[in-house]
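Understanding the architecture of this molecule
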Amino acid sequence: MSNEFFFTRLQYESGDWDVDQRMPSNLLNSLVEYTTLKVDTQEKIITLASDDIFKSPFCYISGHKLVQFTKKERENFENYVRNGGFVFADDCNHDIDGLFAKSFEQQMEEIFGADQLKKIPNNHEIYSIFFNFEDGPPTTSQELNGWGDDLVHDYLKAIEIDGRIGVLYSNKDYGCEWDYDFRNKRWYKIDNTRFGVNIVLYALTS
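This report concerns the structure included in the present document. (Residues numbered from 1 in each chain as written. Predicted model: local features only at pLDDT ≥ 70, side-chain atom pairs only at ≥ 80, totals over all residues. Heavy atoms only, no water.)

**Quick word on the sheet that holds strand β2 (residues 44-47)**
- The sheet built from seven strands is open, its strands ordered β2-β1-β3-β4-β7-β6-β5 with mixed pairing. The sheet is open, and its two edges are formed by β2 and β5 (118-119), each paired on a single side.
- Pairing of β5 with strand β6 (residues 157-161), which is carried by two bridges, proceeds in the antiparallel orientation. Bridge assignment links Lys119 to a residue of β6, and that residue is Lys157.
- Helix α3 (residues 99-112) contacts β3 (59-63), β4 (87-91), β6 and β7 (164-170) of the sheet and is inclined by roughly 160° relative to β7. (Pairing = 2+ DSSP bridges. Helix = DSSP H or I, 4+ residues; strand = E, 2+ residues; numbered from the N terminus. Contact = heavy atoms within 4.5 Å. Axes fitted to C-alpha atoms, helices over the stretch in contact; angles between N-to-C directions.)

Spelled out as structure tokens, the structure:
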């Protein structure tokens, strides 16, 4: 196995898993720019039902539509998370009452039990592990443009395993926020992918 960090997008049978296609290369560029990590700059797409997931240091899952795992997908998701894996799940609808949010949360409840997906405090280590976000999760433009539920979510949720985040869950639509050509980043006053760097470094070091 290579010592390079690589970004894994999880492909699942239901729904639309292949959203925000420029986001991974943008985030990977930020890891190269800001950290000393060795980084494979090509996104890897791995089916959730494949045992290749267990080679992945970091997994991303997103979509707008129904999340309904197959038996094998459910088994792999649970085993991956319970054995030290990290999944960043992002609701592309930015809608706590939307189909992705409702169905993904239902899957988490069925796998890990009721009330295991909880809000994390805004002073959690993930907000200061590299860049410092004093107010917790940074707001996205998606939250301010009337899309989805038209709410600013001032929290993230997580499932913790033995005191460590195994599933980080966002209704903030970071995927869309970071879905642009990384060469356009110079036009941003503040690089909005910096929080993504924190997420990855937490996944690798916690």
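**Section: the pairing of β3**
- Of all five residues in β3, five are buried, a share of seventy percent or more.
- What you see with β3 is no split at all: Cys59, Ile61 and Gly63 on one side and Tyr60 and Ser62 on the other are buried throughout.
- The pairing of strand β1 (residues 8-11) with β3 spans two bridges and is classified as parallel. What sits directly across from Thr8, in β3, is Cys59.
- Bridging between β3 and β4 involves five bridges; their strand directions are parallel. Its bridge partner lying in β4, Ser62 is registered against Asp90.
- On the question of chirality, the crossover connecting β3 to the parallel β4 by way of helix α2 (residues 71-82) is right-handed. (Buried < 20%, exposed > 50% of the residue type's maximum accessible area, 1.4 Å probe, protein only. Right-handed = clockwise from strand over helix to strand, strands pointing away.)

Distances and angles like these do not, on their own, reveal function.
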